[in-house]
Each structure stands twice: as C-alpha cells, then as structure tokens.
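Analysis of the macromolecular model
Here is what each chain is made of, one letter per residue.
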Amino acid sequence: MKFIELKLIQAMECADLSNLGYEAERMIKAGFNSLHIDISDGHFVDNITVGPSVVESLWKRTKANLECHLMVTDPLRYVEPLAKAVASGFTFHIEASKGNWRELVRKIKAKGMRPAVALKAETPVEEVFPLVEDDEYPVDMVLIMTVEHGFGKGESFMPKMCRAFFATTASEGLSLMPRCSSVCPPGKALVLGKVFQVFFKRNIGE
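This is a predicted model, so every value here is computed, not measured. (Residues numbered from 1 in each chain as written. Predicted model: local features only at pLDDT ≥ 70, side-chain atom pairs only at ≥ 80, totals over all residues. Heavy atoms only, no water.)

Secondary structure summary: the protein contains six helices and eight strands in total. The N-to-C order of helical and strand elements in the protein reads β-α-β-α-β-α-β-α-β-α-β-α-β-β. Here the protein holds 206 residues, and 51% of them are scored as buried. A separation of at least 24 residues holds for 66% of the contacts in the protein among residues at least 6 apart in sequence. Carbon and sulfur atoms form 51% of the exposed surface of the protein, whose accessible area is close to 9800 Å². (Helix = DSSP H or I, 4+ residues; strand = E, 2+ residues; numbered from the N terminus. Buried < 20%, exposed > 50% of the residue type's maximum accessible area, 1.4 Å probe, protein only. Contact = heavy atoms within 4.5 Å. Areas by Shrake-Rupley, 256 points an atom, 1.4 Å probe, with all protein chains shown as cover.)

Here is the structure:
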C-alpha cells in the first residue's frame, strides 16, 4: 500500500492584502503547513499580483515555507530574486519554459528551492511527463490547474482536469481541491492543495 503525506497550503491571493503579514501568521497558527503565493506579471495571465519583495516580507514575518507559483513569461529571471527572498518552492509553467526547463530546474535546485512544474487547463498533461521522468533534473511536484487562472475568486472547477490527476498519480487516490490542486508524480511523497474559503471564516479552526 502506498501512503501520501497530505499538506495544506493556504493561497495568499485571497487574503486581505492590506494586512498580509497578519493574515499569514493567522494561517500558520491555524495549522497550514505552508503558504502558496501566486506571482503573475500581467502577460502570461491578465492579472498582476505580488513579487519577490512581498515573499521576503512574509518570510521575515512568519518563517513559513513559501511555495511560489510563477505565472510569468520569463521564469528564469525570477530564480535569483526568489532565492534571496527565501522562497521554499518555485513552480514554473511548462507553457513558458518548453525550451529551457532543464536549465531552469538546475538553477532552482542550485539555489536550494524545490522545483515544480504547472500546466494550464488546456495543456495536455503529457507535456509535463518528461520533466517528471528526467534522470538528471526532475521536478519534485506537478501543479495541475483546474480553472482558467487569473484572479483567485469565482472561477469554476473544470471536471475534465480529473483525467490529469489520474494520469499523473497512477493508482494514487486523491481528493480534489477547489480551483487548482497540486499532485505528486508517482514515487514522490507530497500532495498539496490550495484552499480559498478559509479567509472568509471568522474562526479558521472550524
């Protein structure tokens, strides 16, 4: 029997951005293992969110594991800044790195961050298999988008993406999370899920 370690990661995109440090501390005290930070540049997706300086500020405030999901056209230029910001994980999109993903993974690992790859809902899941199976520079995680991402609230779950879960995890049984979820490649140990509704609860321990 295979066992999967489940970790909860709170998506900070839905937090009160005027009080982000407090919100981050609140999530860690509530039992979330890590914080998920969406970084988008207004090109790869329409929205513009935060950058490395905010990541660094959150680390100084919480010392939490910070999982950064980069929805940007040139993820390579963010490796050094996010390493300096003490990011724990660096998730790049396959659509933005088809020609240089090995270089990207190598640099991410060299900076002490965990490399992961994400794919949009319309991208065939098979496109990430080479990154999972690579002998020298494999990614540690696959992030499967189950919505057309952009703004963090109100997107509808896309049931067709269930196929990607099964294709990526083989016989592993997984629970689906709203909006988007992360799953482990076969042989990996970590399953991550983004949770959004928690910010709208007064008592987040409920």
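The next point concerns helix α2 (residues 52–62). Among the residues of α2, those classed as buried are P52, V55, L58 and T62. The buried residues of α2 occupy an angular sector of 120° when projected down its axis, which confines them to one face. Relative to its buried face, α2 has exposed residues pointing more than 90 degrees away, namely S53 and K60. The elements touched by buried residues of α2 are α1 (20–29), β2 (34–40), β3 (65–71) and α3 (79–84). Downstream of α2 by one or two residues, K63 has phi in the positive range, about 55°. (Arc of directions from axis to C-beta.)

In this section: the nonpolar core. Counting residues in hydrophobic clusters, the biggest one holds 38 residues, and the most contacted among them are I39, V55, L70, L82, F90, F92 and V117. The element that contributes the greatest number of residues to this core is helix α4 (residues 101–110), accounting for four residues. Every residue in contact with V117, bar those within four places of it in the chain, is listed here: T91, F92, I94, V128, L131, V139, M141, V142 and L143. (Core = buried A, V, L, I, M, F, W, Y, C linked by side-chain atoms within 4.5 Å.)

Of all five residues that make up strand β6 (residues 141–145), five are buried, and the element is covered over most of its length. The two faces of β6 match: M141, L143 and M145 on one face and V142 and I144 on the other face are all buried.

A word on α4. Those residues of α4 that fall on the buried side of the exposure criterion are W101, L104, V105 and I108. All buried residues of α4 lie within an arc of 95° about the axis, which places them on one face of the element. Packed against the buried residues of α4 are α3, β4 (89–93), β5 (114–119) and α5 (129–133). Just downstream of α4 lies G112, where phi reads positive at about 85°.

Here the idea is simple: oppositely charged side chains can pair when their charged atoms come close. Enumeration according to the criterion identifies eight salt bridges in this entry. The residue R61 makes a salt bridge to E25 at a minimum N-O spacing of 2.9 Å. In this pair, R61 is assigned in helix α2 and E25 in helix α1, connecting sequence segments 36 residues apart. Assessed through its relative accessible area of 42%, R61 is described here as partly exposed. According to the relative accessible area criterion, E25 is partly exposed, its value standing at 23%. (Salt bridge = Lys/Arg side-chain N within 4 Å of Asp/Glu carboxyl O.)

Attention shifts here to the environment of F32. Among the structural elements, F32 can be located in the loop between α1 and β2. Residue F32 is classed as buried on the basis of its relative accessible area, which comes to 10%. Here the alpha-carbon distance between F32 and Q10, two residues 22 residues apart in the chain, equals 6.5 Å.

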